[in-house]
Amino acid sequence: WGTYLVGEAWFRQEQWEHALDPLAFVFRHAAKRDIRNQAAVQLTTALVRLERFQDLFTVMPHVYRTTARYDIALNLALVEAGDRNFEAEHYLYAISLYRLVFFKHELVENLTANMAAAEVRRKLVWQERGLDRSRMMAVSRLLKRRIEDYAAHRVRLREFPDYDEQVMIRLAQTYLNLQRYWEALTGYRRIFDERPSHPLAEQALYSAFATAREMGNLERAIREGYDYLDAYPLGEYWEALTVELAQLHIRRKEYTLALDVAEEAMELKPAHTLRPHLLYLAGYSHFHLNRMPDARIRFEEILDQHPDCAFIEDASYWRALTLLFHQQYVEAGTAFTDFLEAFPGSGYVEDASFRLGVATYGQGELTRSHDLLRAFVSDHPDSAHAGEAFCMLGDLLASWSRLDAALEEYARVAGSAANMTEINHALFQSCRVYELEARYDEIVRICRDYIDR
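A brief structural summary. (Residues numbered from 1 in each chain as written. Predicted model: local features only at pLDDT ≥ 70, side-chain atom pairs only at ≥ 80, totals over all residues. Heavy atoms only, no water.)

The axes of two packed helices give the description: the angle between them and the distance between them. Running from amino to carboxyl end, helix α21 (residues 386-399) crosses helix α22 (residues 403-416) at an angle of 165°, the nearest separation of the two axes being 8 Å. In terms of axis orientation, α21 runs roughly antiparallel to α22. Crossing of α21 over α22 shows left-handed handedness. Only L403, A405, A406, E409, Y410, R412, V413 and S416 of α22 make contact with α21, whose side of the interface consists of A386, G387, F390, C391, L393, G394, D395, L397 and A398. Among the residues making up the contact of α21 with α22, the classes are represented as eleven nonpolar, three polar and three charged. (Axes fitted to C-alpha atoms, helices over the stretch in contact; angles between N-to-C directions. Helix = DSSP H or I, 4+ residues; strand = E, 2+ residues; numbered from the N terminus. Parallel < 35°, antiparallel > 145°, perpendicular 65-115°, else oblique. Left-handed = near helix turned anticlockwise from the far one by under 90°. Contact = heavy atoms within 4.5 Å. Nonpolar A, V, L, I, M, F, W, Y, C, P; charged D, E, K, R; others polar.)

In structure tokens form, the structure reads like this:
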């Protein structure tokens, strides 16, 4: 008892290093459970304050054989130590500490069970043989005091602010930082499933979505995303999630579902802070569903109503492409010309340069189309569109009766083609040219070469 008082005195003065030896001595040698438990709580707290985690992990298995493991002060010290290690990015230590923590309801349940056990034992004291009446009364008083201590501790514990969800979410975040995605995902989801009305439940459910997305499990991410939309319409993360969910559907080529999410979000909240992004995703989805007029409307809304947003470049390109695919060649040619002038450094320049040649061809401006396509294959010889450009150049030259020049362009297709359609087109157009020139041996040669290849 004297050694404990010395250790406690150092402890109360926050002289952690001086408190260690006396408290460790008491913990190892004290016969009385109460004093051992008090020493255990203060010893572990001192080790936490000193950040001597190796020593802490050596002591903790012994502490957990005592009822000290249910002490609220000890558990709060473990939470604090876990937080400090989390902030210092010592994630393995943080996990080890967080997993030692008992939740508040577990502590209350333990105290309640201890009270019940003490009540039963107190009733049985008077039935034990071999004890005189004075001894029975002493044991009964001891048990009564213990029951009163349990009851007082339980009252204090119930009044103490909840910390369970904070520990659960920190543990999930720690797993996430270690890229242990399933543990993080199930940790976040557990908070929402078990405590849906808690203030952290919304953050936890969104974090479950984000974790599933980060681990590449798109199907699970989409499921978590829809659960969030159902549980928290117009919630704190609702705007960001509507965009992210539409993007996931697009990654899976589920354009109808992406469109449903984007259009519904804009309908529910016309002043959506990410509306330009949703408009772009909606237009992109309409395009891939071959709904060119609808796609054009969405892209033009970005250009007209959100001229300073981050999607002006994308909207300008896709609007031009929409016009081209809708065979509005004059408008498409103007749109691609304007785009190339406005965004000379864009990643779309290669594609837009080719599309401008196609749009000009569609307008019937064949000479200009030839010049544009020639410039395109010169500037972008490795483009995925090079094979198609050589096909078009061959067709243009053949239509002008420049047959030998056309054959040269067709011959370039095989080395640049993106698909068999381009190769087949070049082959059979070459055969037609050779037939016009009565060069049948060349027809045989290129057809045999085609069959062999």
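Moving on to the pattern of salt bridges. Using the criterion set out here, one finds 33 salt bridges in the structure. The salt bridge partner of R84 is E51, with a shortest N-O separation of 2.7 Å. Here the residue R84 occupies a position in helix α5 (residues 72-87), and E51 occupies one in the loop between α3 (33-50) and α4 (53-63), the gap between them amounting to 33 residues. Judged by relative accessible area, which is 27%, R84 ranks as partly exposed. (Salt bridge = Lys/Arg side-chain N within 4 Å of Asp/Glu carboxyl O. Buried < 20%, exposed > 50% of the residue type's maximum accessible area, 1.4 Å probe, protein only.)

On to a nonpolar patch on the surface, then. A cluster of nonpolar residues, M420, Y450 and I451, forms a patch on the protein surface that exposes about 320 Å² of accessible area. You can see Y450 is positioned in helix α24 (residues 440-452). (Patch = residues over 30% accessible without salt bridge, like charges linked within 9 Å, V, L, I, M, F, W, Y side chains within 5 Å. Areas by Shrake-Rupley, 256 points an atom, 1.4 Å probe, with all protein chains shown as cover.)

As a volume, the largest pocket reaches approximately 740 Å³. Lining the largest pocket are 28 residues, with D34, N37, Q38, D71 and H153 positioned closest to its centre. Of all the secondary structure elements, the ones that give two or more residues to the lining of the largest pocket are α1 (2-12), α3, α5, α7 (104-125) and α8 (133-159). The element best represented in the lining of the largest pocket is α8, accounting for eight residues. Counted by class, the lining of the largest pocket contains eleven nonpolar, eight polar and nine charged residues. In this structure, the second largest pocket spans a volume of roughly 360 Å³. In this structure, the second largest pocket is lined by 15 residues; those nearest its centre are A414, L427, I446, D449 and R453. For the lining of the second largest pocket, the secondary-structure elements that each account for two or more residues are α22, α23 (420-436) and α24. It is α23 that provides the largest number of residues to the lining of the second largest pocket, a total of six residues. (1 Å grid on protein atoms, 1.4 Å probe; cavity = no way out; pocket = protein on both sides within 12 Å on 5 of 7 lines; lining within 4 Å. Points joined across faces, edges and corners; volume = space filled by probe spheres on them.)

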